[in-house]
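Report on the structure
Read off the chains here:
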Amino acid sequence: MNITGIIAEYNPFHGGHCFHIEEAKKKTNANYCIVVMSGDFVQRGEPAVFDKYLRTKMALMGGADLVIELPSVFAVSSAEDFAACGVNLLSRLGAVTHLCFGSEDGNLEGIQAAAKILSDESPDFSARLREGLKLGLSWPQARNRALLSMDICSCFKEDSLSRLLGSPNNLLGIEYCKAIFRCRSTIRPVTIQRKGQGYHDKTLESGQASASAIRKSLLASQPEKKARSHEDCVSWEPPISLSSHIPPHILPLYSQGRILGPEDCAGLLNYRLLSLFHKGEDLTAFSDVSKELADRLTGQLLQYEGWEGRIRQLKTKQYTYTRISRSLTHILLEITDAQVLKAKELGYSPYARILGFKKEAGSLLSLLKKQSEIPLITKTANASQILTEEAMTLFKQDLFASHVRQSMEAAKYGQTGRNEFNQPICII
């Protein structure tokens, strides 16, 4: 049996994701497709535009057979940790044969060559990396500079290495392959060349629009505050301009979503920063918060800004927008360096929380129950009975992140009426 894994955010789910799932199944001759998906916060360091349950339903209707939540500690993390968590989770399920990811070049040989160097991290490479950092480059820039100076060009045509390292999906593919090397996984990587607009393109033109462009359109046309319970659909229809980019059977689900963007975090963040300062807490305890960032945050604490404004306050040449956004989200969600380290010691994901599956994939679920080396959580209320104390602490962080999102939904749209401690999984 071939079981293909996909690591994704689906923020939000669109036609390109349907294409990816379909092609992944074809290319690997897969019997089933398992998606490991970010929960209510994503790698950019902001809330997902739709909640994880609606995005799970979209994924299942779009071709996935089973959806598992990527633990929140690593969902809001660097590409390296995001990929490492996803790969380790899929590997520990004990049944996944392939990992399929999109890339701009579709050059698996080149991706694996770069991944091999990064996974070994030789003294020569480390020295070149440190040299770039001393020059004042950001960590991603210094790493790319070091890779470009290494002798791996036999896999590439002229200038293709620079193009490989300058494309976000290629870089994430490198991290997936690096994680496979490091955890000595038997999972075979497969890549599909990405079609449509670029990852960061924010325009809705012909061809498949990027998730960034779709989010921009959604945030610009947010529904009015009318719903009074989570079961009520918000009186809103997605923009007509999205209809050519979203599969027809998925598009109606968009009208059920409670849209959130980074600015919806601003009020909670300001309160959280004030509270930490009042208690004399050390901000550097939070993941990705350096001494420099902590000092700048403290110095401008009372200069109240929205989310984007806070990032502008902290932006320097060495800190990317995403790095700062993740740092702020770690403070908001109380994700500490100690917590991240402990999660890594536990193998990144000491459990697999199932968010949803198709009825016809019952045999897949039965197989995973037999093969998985980590507990499968199908009922959150039963988690404490099957998880160790340390794993339960990590799982409670996922629940907390979702409750934080729900508090933002409640402030914006009205009462949500959801309780993560007894939330049922999605079955279609």
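The preceding data block contains the structure.
Definitions and limits used
- Residue numbering note: each chain is counted from 1, following its sequence as written.
- Local features in this predicted model are restricted to residues whose pLDDT is 70 or higher, and side-chain atom pairs enter the listing and the counts only when it is 80 or higher, whereas totals over whole chains, interfaces and linings include all residues.
- Water and hydrogen atoms were dropped before computing side-chain values, which therefore reflect all heavy atoms in the structure.
- Nonpolar side chains (Val, Leu, Ile, Met, Phe, Trp, Tyr) are joined into patches within 5 Å and like charges within 9 Å, using only residues with over 30% relative accessible area and no salt bridge.
- Where accessible areas are quoted, they stem from the Shrake-Rupley method and a 1.4 Å probe; at the residue level, only the protein chains shown are allowed to cover.
- Salt bridge criterion: a side-chain nitrogen from Lys or Arg within 4 Å of a carboxyl oxygen from Asp or Glu.
- For helices the rule is a DSSP run of H or I covering at least 4 residues; for strands it is a run of E covering at least 2, with both sets numbered from the N terminus onward.
- Note on aromatic contacts: the rings of Phe and Tyr and the six-membered ring of Trp form a pair at centre separations within 6.5 Å, being stacked when their planes are under 30 degrees apart, edge-to-face when over 60 apart, and tilted otherwise.
- Sitting over a ring, as applied to charges here, requires NZ of Lys or CZ of Arg to be within 6 Å of the ring centre and within 35 degrees of the ring normal.
- Buried Ala, Val, Leu, Ile, Met, Phe, Trp, Tyr and Cys residues form a nonpolar core when they are joined through side-chain atoms within 4.5 Å.
- Each residue's exposure class comes from its accessible area (1.4 Å probe, protein chains only) as a fraction of the maximum for that residue type: buried when under 20%, exposed when over 50%, partly exposed otherwise.
- When checking whether two residues touch, look at their non-hydrogen atoms; a contact exists if any pair is within 4.5 Å.
- Here the expected span of a helix is defined as 1.5 Å times the quantity of residues minus one.

The grouping of Leu274, Leu302 and Tyr304 at the surface amounts to a nonpolar patch, some 310 Å² of accessible area in total. Of note, tyrosine 304 is situated in the loop between helix H13 (291–299) and helix H14 (307–314).

Glancing now at the packing of aromatic side chains. Enumeration over the complete set of coordinates arrives at 5 aromatic pairs. With centroids separated by 5.0 Å and ring planes inclined at 50 degrees, the aromatic side chains of phenylalanine 74 and tyrosine 348 adopt a geometry described as tilted. Taken together, the positions of phenylalanine 74 in helix H3 (residues 72–75) and tyrosine 348 in the loop between helix H16 (337–345) and strand S8 (352–357) put the pair 274 residues apart, joining distant regions of the chain. On the basis of an interplanar angle of 75 degrees and a centroid distance of 5.5 Å, the ring pair of tyrosine 351 and phenylalanine 395 is categorised as edge-to-face. Of this pair, tyrosine 351 sits in the loop between H16 and S8 while phenylalanine 395 sits in helix H19 (residues 389–413); the two residues are 44 residues apart in sequence, bridging distant segments of the chain. Residue placement shows lysine 116 over the ring face of phenylalanine 181; its charged tip is 5.0 Å from the ring centre.

Before going further, it helps to examine the nonpolar core. Of all hydrophobic cores here, the largest spans 92 residues; its most connected members are Ile34 and Leu93. Here this core gets 8 residues from one element, more than from any other, and that element is H19. Ignoring any residue separated from it by four or fewer positions in sequence, one finds isoleucine 34 in contact with Ile3, Thr4, Gly5, Ile6, Leu66, Ile68, Leu90, Leu93, Val96, Leu364 and Leu368. Formed by 37 residues, the second largest nonpolar core is a distinct cluster that contains Met37, Leu253, Leu355 and Tyr413.

In this section: helix H12 (residues 266–279). At 3.6 residues per turn, the α-helix brings residues three or four places apart onto the same side. The end-to-end C-alpha distance of H12, which contains 14 residues, comes to 20 Å, matching closely the 20 Å that a straight helix rising 1.5 Å per residue would cover. Every buried residue of H12 is listed here: Ala266, Leu269, Asn270, Arg272, Leu273, Ser275 and Leu276. The inward-facing, buried residues of H12 abut H13, H14 and helix H15 (321–333). Note on H12: the residue one or two positions beyond its end, glycine 280, has a positive phi of about 70 degrees.

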